[in-house]
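As a plain string of letters, each chain reads:
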Amino acid sequence: MAKATSSGASRTVSKTVSRPATRAKAAPAKPARKPAAPERKPAAAERKPVAAAPVVEPKPAAAPACPKSAEITTINAAMRFLLARPDFERQRAPQYGEHTFKLDRMQRLLGNLGNPHQKVKTVHVAGTNGKGSTVSMVASMLRAGGYTVGVYTSPHLVDIRERVQIDGQPIGKNDFVEAVKRVAKAAEKLGEQPTFFEAITAVGFLHFAAEAVDIAVIEVGLGGRLDSTNVITPLVSIVTSIDLDHTKLLGATKAQIAREKAGIFKKGVPALFFEQSPEVDDVMRDAAQKAGADLRIVNKDIEFSSRFCVTPDLGPHTRVCMYTKTTRLEHVPVPLPGEHQAANCGLALAAIDILKGFGFDIPEENLTAGLASTKVPGRMELVSHRPRILCDGAHNPAAMGALMRCVGAHVPYDSMVCVFGCCADKDVGEMIDKVNLGADKVIFTRASATPRAADPEDLQKMFQERSGKMSQIARTVPEAVEMAVRGVSREDLVCITGSFYVVGEALKYLSERK
């Protein structure tokens, strides 16, 4: 069922060389590990490699029959309608441009629904990495201020209804069915069918308008300029960090990608970005000037600082300070682990500062309490303690590098077994290099839900060319999880990562396994 390989070199020595220097230490009572002596017994997973089994390529699922709007009366019918739409999230090589990503089609669809997006105040968030974290922090602070807050994100992990939430609760099944039915009826008048993402985005706007939320925080799906969410005129636009991802669609350089992300800037709408490279900053300023947006770069136009510290109550974490004309925040703990989260926290705090001017005033004690309560499923999420299993949807080299540094700094462990699967259209080699920095053993797998998934055998071959560490292949995510759990001890860590599809299938399996 599995395929195991090892170069024969000492696993512990390889681990000592490649593990991040910022590794958090275990309890003081436990002495630091020394390089293994030659007589050290191998771990159970190394002693009993399982015979290899061929990796079975998943067959493309037949397109589900698309029900008419009048036939959508159950959750299954609603899902059949959505799954019958063109889904660029799961396509291997979608064509990116105005001919496929049609904002005018989205606008006409919403027009047939009474333009629900125009009835809701919004915050719009784009970027390569950090969108979900920034959305969650903004929403948590707003909720702590007593406001009813809608959140629209993608992709989902287990249940599609996770994408549309109000005050942390997914849209109810009945409301979901009714909204999909209305979208289907509006689509029948279009003359062309909306995409999956256009349809589910319309569902979100309908729900937020129907429930009369005070404000909704909307995450961009892909890029920004042509994204289906880019029909709103928000109170503030946010672009998080820019890095190389979706390069075949958005551009081969950070500057090109930045220009696509900056496509969400609107005339007269305040915009926020965190200081990055001069090249990217210049692109952002130019795009904002052309759009007529007032861009403020945090750490340049807005005074900001951060520092890493360790305290008895919070352990290792980052604290930030931010000063504006209307806000003075000092030594605020960042609620999410990882030094990279400081920038996301700075953007979230700056957004709340701007929202004050629109009447969203939050007392500082509520603001800090709301920020501290931020939770982001599928990102540095410890989902099990025995065995210890951590899930993170890092899905590009920058995010994977940040994950490995974050685990090293915040999670004490003896040995890390990484369950890894990613999409084939990513920079796979760079991602594997980052995994190799922290993992002592890797189990390669693939998500069954997406045809974009890379072949585990190809991943393992690439890993073998780069590393002498042990690796195995599992045909499915559940099999990979079981393989990892069998091979770890109490002090070890299982890290499941590479894509939100892999993390989602792991979370679903683990919830059913209990």
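As the structure is a computational prediction, the values presented were derived from the model and not from experiment.

Colleague: Please explain empty space enclosed by the protein as it appears in this structure.
Modeller: The gaps of empty space that remain are located by a probe, the size of a water molecule, rolled over the atoms. For the coordinates displayed, the defined rule picks out 1 cavity of 30 Å³ or more. In this structure, the largest cavity occupies an estimated 30 Å³ of space. Lining the largest cavity are Thr327, Leu329, Leu349, Ile352, Asp353, Lys356 and Leu367. By residue number, the principal contributor to the lining of the largest cavity is helix α11 (residues 341–356), which donates 4 residues. Partitioning the lining of the largest cavity into residue classes produces 4 nonpolar, 1 polar and 2 charged.

Colleague: Is there a simple way to explain the pattern of salt bridges in this structure?
Modeller: Pairing of side chains with opposite charge becomes possible as their charged atoms draw close. A full pass over the atoms with the stated rule returns 16 salt bridges. The shortest N-O distance in the salt bridge between Arg108 and Glu192 comes to 2.5 Å. Highlighted residues: Arg108 in helix α4 (residues 103–112) and Glu192 in the loop between α6 (173–188) and α7 (196–210), separated in sequence by 84 residues. Take Arg108: its relative accessible area is 33%, and that puts it in the partly exposed class. When its relative accessible area of 24% is taken as the criterion, Glu192 is described as partly exposed.

Colleague: How do you make sense of helix α15 (residues 456–466) when you look at a structure like this?
Modeller: Residue pairs spaced three or four apart in an α-helix point in one direction, given the helix's 3.6 residues per turn. When we look at burial in α15, the residues that qualify are Pro456, Leu459, Gln460 and Phe463. When α15 is viewed along its axis, its buried side chains cluster within an angular range of 95° and face the same direction. Seen from the buried face of α15, the exposed residues on the opposite side, beyond 90 degrees, are Lys461 and Glu465. Where α15 is buried, its residues touch β14 (416–420), α14 (428–438), β15 (441–444) and β16 (470–473). The residue sitting at the N-terminus of α15 and contributing the capping side-chain oxygen is Asp455; that oxygen lies 2.8 Å from the backbone nitrogen of Glu457.

Colleague: Would you explain the packing of helix α16 (residues 477–486) against helix α17 (residues 500–513) in this entry?
Modeller: The geometry of a pair of packed helices is captured by two quantities: the angle between their axes and the separation between those axes. Packing of α16 against α17 leaves a shortest axis separation of 9 Å and a crossing angle of 70°. Classed by the angle they form, the pair α16 and α17 counts as roughly perpendicular. α16 and α17 meet at a crossing whose hand is right-handed. Note on element contacts: α17 touches α16 through Val502, Glu505, Ala506, Tyr509, Leu510 and Arg513, opposite Val477, Pro478, Val481, Glu482 and Val485.

Colleague: How do you make sense of the packing of helix α3 (residues 75–83) against α6 when you look at a structure like this?
Modeller: Two elements in contact, α3 and α6, have axes separated by 9 Å at closest approach and are oriented at 40°. Judged by the inter-axis angle, α3 sits oblique to α6. Seen along the crossing, α3 lies across α6 with a hand that is left-handed. Taking contact as the criterion, the partners of Ile75, Ala78, Met79, Phe81 and Leu82 in α3 are, on α6, Lys173, Phe176, Val177, Val180, Val183 and Ala184. Of the residues contributing to the contact of α3 with α6, the split by class is 10 nonpolar, no polar and 1 charged.

Scoring rules and cut-offs
Residues numbered from 1 in each chain as written. Predicted model: local features only at pLDDT ≥ 70, side-chain atom pairs only at ≥ 80, totals over all residues. Heavy atoms only, no water. 1 Å grid on protein atoms, 1.4 Å probe; cavity = no way out; pocket = protein on both sides within 12 Å on 5 of 7 lines; lining within 4 Å. Points joined across faces, edges and corners; volume = space filled by probe spheres on them. Helix = DSSP H or I, 4+ residues; strand = E, 2+ residues; numbered from the N terminus. Nonpolar A, V, L, I, M, F, W, Y, C, P; charged D, E, K, R; others polar. Salt bridge = Lys/Arg side-chain N within 4 Å of Asp/Glu carboxyl O. Buried < 20%, exposed > 50% of the residue type's maximum accessible area, 1.4 Å probe, protein only. Arc of directions from axis to C-beta. Contact = heavy atoms within 4.5 Å. Polar contact = N/O pair within 3.5 Å; in protein donor to acceptor, adjacent residues only side chain to side chain. Axes fitted to C-alpha atoms, helices over the stretch in contact; angles between N-to-C directions. Parallel < 35°, antiparallel > 145°, perpendicular 65-115°, else oblique. Left-handed = near helix turned anticlockwise from the far one by under 90°.

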